[in-house]
Amino acid sequence: MSRFRYFLIALIVLISGVLLPQLPVISILLRSLDLSIYDTILKVHNALTYNEYEGVYDKICIVDIDEKSIKVLGQFSSWPSLFFADLVNILSADEPLAIAFDVLFTESDSIQGYARQRLRPEFEGLKVNPDIIMDALSTDDSFVQAIENAGMVYLAMFNSNYPSYTGALPDKLTAWNVQPRHSLQLQYPIPPIPQYTNSARGIGFANIDPDVSGKIHAYPLFFQYGKNAYTNFSMQLCLDLLGIDKIKLNKNCQLISGKEVVRELPLNSEGLFFFKYYGEGGPDKTFRYVSFSDVILKRISPGYFKDRIILVGTSAYGLKDSKITPLDKYFPGVELHATFIRNVMEENYVRWVDFRLLLIINILALTIMAIFIPRSKPFVSISIFLFISLLSIPAVYLLYVKGSYIYNYTTTLVPWFFGFLALFITQAHEQGKEKRMVRDAFEHYVSPAVIREIMKEPKKLKVGGEKKYISIMYVDVRSFTSLCEQLTPAEITCFMNNYFNLATQTIIANHGTLDKYIGDAILALYGAPVSYPGFEENAVKSALTIRQIALDIKEANKNHPALKNFRIGIGIATGEAIVGNIGSDRIFNYTGIGDKMNFGSRLEGLNKFYLTTVIIDAYTYIAVSKTFFCRKLDKVKVKGKLEPCEIYEVIDTLENMQKQPELYSAYRKYESALELMIKGQKNQAETLFKEVLTVLPSDEPSKIMLQRLNIIDWKTWDGCWQFDNK
């Protein structure tokens, strides 16, 4: 596969990573995964840094309607407004910055309707009008008066999803002229009773709902009702304390006082503001909690609440105002508002990595993968992928710890994982296809060991070929035309198939590559397509084995009129040749081309002249001389070459020849005679050649040399015999 296709796959993954999250189902799944990763970061950070917090945060104090207060003051639903009036009076006396109730006052505590009618008979016999007594039992006015006197009280309202009468929104509920990217659509807003709202400093909602994970991560900055946007009471409290008169929404939420941007709340791509949690929730873990009963029973020292922001809420399990957060399954709802206020007042935010930066990271990561994976082994690719993936875990954690930065982790995780998966599968497919092609091409021509080596690195088989140092072996049948004339087509085909089978098995067993059958000839390569030490020796070993196969065939057919004279010739040349897949676009063959390929054929042909079987060149001789016994046969110029070359006949293994000293000495004497002839010393050479024949009476090269001595023109003799025929 071309490199371009890897980049195309990377581009498809990148585009898919941007578009797929837009699908509703995919979006929910990815969002849930993002939040799970974020939750893990928070839990790890909380576990590692919990002991770093000294004490609790005192600038925000929570007056807690706790189990203790309910036990002391009675069932919460029966508490009169007077309790809250007393609370506000006591708190305001200490001059706090603000008092905010995360408690809903949607009903009056006065006796009305059926209850008034039902109680009237109980007061019969009294001289006082029953209505006066029942009116006196209502303490709404006391609470209203306390709120007015304090001048810093914020009340909460809520949004109902069930049809109910809402009436007009309170005048104290501030509307903001903004168009938020994310807001909760109000259905049926339920405010406190009118007399309370008219007296309060500010009104806001108290809705903070979980997201798709079932946990609370984000604070709802705005609620949409009609054309206007409204806020939670805790945000309205912050806006008033900071003197904010304008809100501007762009990438983030800017809180403006006059012309100055006082605060800038970071928002994610959806327009959500995430809580920066400080730890688990509950009394005196992160924020200071004071029992409601302790306050109104005046058990708290005067001045304790001075210059603090006071939130009134509950941690009592029975009142069911606990929320699920990443750090706590029972996080008091009022503490969510406290957390938001602290985030804003201290400018301690969760910040978001710019999406454009993430896009650049994705492009770089996919580009690097598209370049690296095709060039690497699968194990290396997987190892580096896992290493970088594991390295990203502490990197993401440190990003949050050092800069409070987070992001939608799947923005990089999905392209990274699926990009690697797609490119790795493509690589595996291409390598499998490549290996199958190589196996199909070579399994009939090379040994299993060579195939295994090729499978490890099939790219070594360069299309178009490469220059390699190899040995080339040509094997040819002598007088094949005569055999064809004497045998029927069926007989010659059967015979040659048997011969080719034995010869090919020998080549493959010695790690050679069968290049091709050329009529009755065999062409084999050693050291290609995979090079290995000692391939020259394997070539000579194959030659000797095939020579023995020919002798065995001749012996087995000694009574056959045609096959009794079966002979072969073998030539081996060693050197550089161009090997590879050579041919047309549609039909090609793994073969070799070059001068050495031709020279190997010439060497094989010389066997016809010297009546020998195996002839090798000088380069092959140098490589195998310590293993095989070879005699220097001649110094010649073959057709098509101007430079003289020394040729050698392979006799046997060196080990076997050393066991036959007389033969060993005779072959060496032939070499001495040859050297004398080359130097022009005719008489001395003739003597030695004759001595060789006394030991080897059927040695054809010696006979040929004796004949040559008589036909050489000694006046022009340069020591090299010229062959004009192939």
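First things first, this report covers the structure right here in the doc. Quick caveat, the model's predicted, so the values are computed rather than measured.

Conventions and cut-offs
Residues numbered from 1 in each chain as written. Predicted model: local features only at pLDDT ≥ 70, side-chain atom pairs only at ≥ 80, totals over all residues. Heavy atoms only, no water. Helix = DSSP H or I, 4+ residues; strand = E, 2+ residues; numbered from the N terminus. Rg over C-alpha atoms; globule rule 2.2 N^0.38 Å. Buried < 20%, exposed > 50% of the residue type's maximum accessible area, 1.4 Å probe, protein only. Areas by Shrake-Rupley, 256 points an atom, 1.4 Å probe, with all protein chains shown as cover. Lys, Arg positive; Asp, Glu negative; His and termini not counted. Charge placed at Lys NZ, Arg CZ, Asp CG, Glu CD. Pairing = 2+ DSSP bridges. Core = buried A, V, L, I, M, F, W, Y, C linked by side-chain atoms within 4.5 Å. Contact = heavy atoms within 4.5 Å. Salt bridge = Lys/Arg side-chain N within 4 Å of Asp/Glu carboxyl O. Phe/Tyr/Trp six-rings, centres within 6.5 Å; stacked < 30°, edge-to-face > 60°. Lys NZ or Arg CZ within 6 Å of the ring centre and 35° of its normal.

**Remarks on the overall build of the protein**
The helix and strand inventory of the protein stands at 24 helices and 28 strands. The C-alpha radius of gyration of the protein comes to 50 Å, more than 25% above the 27 Å expected for a compact globule of 726 residues. In the protein, which comprises 726 residues, the share counted as buried stands at 49%. When the accessible surface of the protein is totalled, it reaches about 36400 Å², and 56% of it is carbon and sulfur. Looking at charge distribution, the protein has the averaged site of its 77 positive side-chain charges lying 8 Å from that of its 76 negative ones.

**So, the sheet that holds strand β4 (residues 184-185)**
Strands sit in the order β4-β8-β9 across an open sheet of 3 strands; the sheet is mixed. Sheet topology places β4 and β9 (228-230) at the edges, where each strand pairs with a single neighbour. Of the strand pairs in this sheet, strand β8 (residues 223-225) and β9 are connected by 3 bridges, and their pairing is antiparallel. Residue pairing across strands places Y225 opposite N228, the latter belonging to β9.

**A word on the nonpolar core**
With 62 residues, the main nonpolar core has L221, M235, I247, F274, L311 and F340 as its most contacted residues. Apart from residues no more than four positions distant in its own chain, F340 is found in contact with Y219, L221, S234, M235, C238, F273 and F275. With 41 residues, the next largest nonpolar core counts F101, A146, F205 and V290 among its residues.

**As for the pattern of salt bridges**
With the rule as written, the count across this model stands at 27 salt bridges. Its salt-bridge partner being R631, residue E649 comes within 2.8 Å of it at the nearest N-O pair. Of the two residues, E649 sits in strand β27 (residues 645-653) while R631 sits in strand β26 (residues 628-637), which places them 18 residues apart along the sequence. Each member of the pair, E649 as well as R631, carries the same accessibility label: buried. Linked through salt bridges whose partners overlap, the residues forming this network are D58, D284 and R288.

**Some points on the packing of aromatic side chains**
For the structure on display, the rule yields 47 aromatic pairs. Taken together, a centroid distance of 6.0 Å and an interplanar angle of 40° make the contact between F84 and F143 tilted. Within this pair, whereas F84 is found in helix α4 (residues 81-93), its partner F143 is found in helix α7 (residues 140-150), the two being separated by 59 residues in sequence. Joined through ring pairs, the aromatic side chains of F76, W79, F83, F84, F101, F105, F143, Y196 and F292 make up one cluster. Note that R308 overlies the ring of Y304, its terminal NZ or CZ placed 4.2 Å from the centroid. Directly above the aromatic system of Y664 lies the positively charged group of R668, at a separation of 5.1 Å from the ring centroid.

By themselves, these observations are geometric and do not establish any function.
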